[in-house]
Amino acid sequence: MVGQQWSGVRQRVVALGTQPSSGEVFGSLGHRWVLEDPLTDEGLAELEAQVGVRLPGDYRSFLTCVGAGGAGPAYGLFPVRRVQGLWRWEGDGADLADLAMLAQPFPDQGPNPEDLDALLAVRPEEEAFDEIEDFDDAIESWDDRWEALMFAPERTAGAIVISHLGCAQREWLIFTGTHRGTIWSDCRADDADLVPLLDQAGKPITFTRWYVDWLHKAELTAHQPSTNS
């Protein structure tokens, strides 16, 4: 049955929010254990028609069975909402995803590592400049080259940002290509390319595994005695 894996999940999340130690769960002060209403079948159809791609099966069933976003890993699952007649995902960094490119295949490879190493090797250092203004100009020029290489829209075609962990670190859900349905970590703010989240066996983590694992760990944390008591 469609959505069977989500049976009771919404109730478990709501119950977690009532626990005295629920605030000990990382990121909970961001989502406050609130889940948005589930999407209707009509809303889901409109969303998929707008972005031009069918959402990964477990994510689309989550949207209609559990909620359109809210309480979830890190600071929460980015909600998808209809604003002024158009659907979009909302959250810190959600606009990094180009919704016009969601139907394109997510690339198997990012920037050439040799190109990254070469650019990092010439990153300006402040102590090499006599005037701070000259350093500012040099690092601004270098940043432009870095962003063009690391943050090209093509790098994240076929994917959306679904959560953030703070410090400009985010997680993406892949919609298309060979990695469809998996979660990827984005640490480009720390000079690293996107990489897939893997389980202990080295297998890619799906949306279901990502959310259910978080819920299980959150329940363990929330049922412990509060550190503030």
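Within each chain, residue numbers correspond to sequence positions counted from 1 in written order. Per-residue local features of the predicted model are confined to residues with pLDDT of at least 70, and side-chain atom pairs are confined, for both listing and counting, to 80 or more; whole-chain, interface and lining totals are unaffected and use all residues. The basis for every side-chain value is the complete set of non-hydrogen atoms in the structure, without hydrogens or water.

Draft legend 1. Fine view of the nonpolar core. By convention a nonpolar core is built from buried Ala, Val, Leu, Ile, Met, Phe, Trp, Tyr and Cys residues, the set being connected through side-chain atoms within 4.5 Å. Three exposure classes are used, based on accessible area relative to the maximum for each residue type with a 1.4 Å probe and protein chains only: buried under 20%, partly exposed in between, and exposed over 50%. Ranked by size, the top nonpolar core spans 48 residues in total, and within it Leu-47, Trp-89 and Phe-207 carry the most contacts. Of all the elements, helix α7 (residues 207–222) adds the most residues to this core, at seven residues. Here, residues are in contact when the closest pair of their heavy atoms is within 4.5 Å. Ignoring any residue separated from it by four or fewer positions in sequence, one finds Phe-207 in contact with Trp-6, Asp-58, Tyr-59, Phe-62, Leu-77, Ile-162, Leu-173, Gly-181 and Ile-183. Secondary structure is summarised from DSSP: a helix means a run of H or I of at least four residues, a strand means a run of E of at least two, and numbering begins at the N terminus for each.

Draft legend 2. Representation of the environment of Ile-160. Note that Ile-160 resides in strand β3 (residues 159–166). When residues no more than four places from it in sequence are discounted, the contact partners of Ile-160 are Tyr-59, Trp-89, Ala-97, Leu-102, Glu-171, Trp-172, Leu-173 and Phe-175.

Draft legend 3. Broad picture of the side chain of Arg-170. Among the secondary structure elements, Arg-170 is positioned in strand β4 (residues 169–174). Here a polar contact is taken to be a pair of N or O atoms separated by no more than 3.5 Å, where protein atoms must pair a possible hydrogen donor with a possible acceptor and residues adjacent in sequence count only if both atoms sit in side chains. For Arg-170, the side chain forms a polar contact with the main-chain oxygen of Asp-92, separated by 2.8 Å. In this view, Arg-170 contacts Asp-92, Gly-93, Leu-96, Val-161, Ser-163, His-164, Leu-165, Trp-184, Ser-185 and Asp-186; residues no more than four positions away in its chain are not counted.

Draft legend 4. Representation of the packing of helix α1 (residues 9–16) against α7. Where α1 contacts α7, the two axes come as close as 10 Å, and the packing angle between them is 30°. Looking at the two axes, α1 sits roughly parallel to α7. By crossing handedness, the relation of α1 to α7 is classed as left-handed. From α1, Val-9, Arg-12, Val-13 and Leu-16 reach across to α7, where they touch Tyr-211, Trp-214, Leu-215, His-216, Ala-218, Glu-219 and Ala-222. By the convention adopted, Pro, Cys, Tyr, Trp, Phe, Met, Ile, Leu, Val and Ala count as nonpolar, Lys, Arg, Asp and Glu as charged, and the other residues, Gly among them, as polar. Here the residues of the contact of α1 with α7 sort into eight nonpolar, one polar and two charged. Interaxial angle, 0 to 180 degrees, is taken between N-to-C directions of lines fitted to C-alpha atoms, where a helix line uses only the stretch in contact. Here the word oblique covers every angle except those under 35 degrees (roughly parallel), over 145 (roughly antiparallel) and from 65 to 115 (roughly perpendicular). Should the near helix be turned counterclockwise from the far one by less than a right angle, the crossing is left-handed, whereas a clockwise turn marks it as right-handed.

Draft legend 5. Molecular detail of the layout of surface pockets. Grid points spaced at 1 Å and placed over the protein atoms alone form the basis of the search, with a cavity being a set where a 1.4 Å probe fits but cannot get out and a pocket an open set showing protein on both sides within 12 Å along at least five of seven lines. Lining residues have an atom within 4 Å of a point. Grid points are joined across faces, edges and corners, and a volume is the space filled by probe spheres set on the points. Its volume calculated, the largest pocket comes out at about 430 Å³. Lining the largest pocket we find 18 residues, and of these Pro-73, Trp-210, Asp-213, Trp-214 and Lys-217 sit closest to its centre. For the lining of the largest pocket, a count of residues per class yields eleven nonpolar, two polar and five charged.

Draft legend 6. Looking closely at the pairing of strand β1 (residues 80–83). Direction of pairing for β1 relative to strand β2 (residues 86–89): antiparallel, over a ladder of four bridges. Paired with Arg-81 across the bridge in β2 is Arg-88. Following β1, the chain reverses through two residues before pairing antiparallel with β2; Gln-84 in that reversal takes a positive phi of roughly 50°. Between any two strands, pairing holds if DSSP finds at least two bridges.

Draft legend 7. Structural context of the packing of helix α5 (residues 113–121) against helix α6 (residues 132–150). It is at 11 Å that the axes of α5 and α6 come closest, and there the two elements cross at 165°. The orientation of α5 relative to α6 falls into the category roughly antiparallel. Pair α5 / α6 crosses with left-handed handedness. Seen from α5, the contacting residues are Asp-115, Leu-116, Leu-119 and Leu-120; seen from α6, they are Trp-142, Arg-145, Trp-146, Leu-149 and Met-150. Per-class residue counts for the contact of α5 with α6 are seven nonpolar, no polar and two charged.

Draft legend 8. Representation of the sheet that holds β4 within the structure. The strand order β3-β4-β5-β6 describes an open sheet built from four strands, whose pairing is antiparallel. Sheet topology places β3 and β6 (195–196) at the edges, where each strand pairs with a single neighbour. Inspection of the sheet shows β3 paired to β4 by six bridges, in the antiparallel sense. Looking at the pairing, Gly-166 lines up with Gln-169 of β4. Relative to β3, α7 is tilted by about 25°, and along the sheet it contacts β3, β4 and β5 (183–186).

Draft legend 9. View of the pairing of β4. Within β4, five of the six residues are buried, which leaves the element mostly enclosed by the surrounding structure. With antiparallel pairing between neighbouring strands as the criterion, β3 and β4 make up a hairpin whose turn holds two residues, including Cys-167 at a positive phi of roughly 55°. As judged from the four bridges shared by β4 and β5, these two strands associate in the antiparallel manner. Note that in β5 the partner of Trp-172 across the bridge is Trp-184.

The analysis is restricted to geometry; functional conclusions fall outside its scope.
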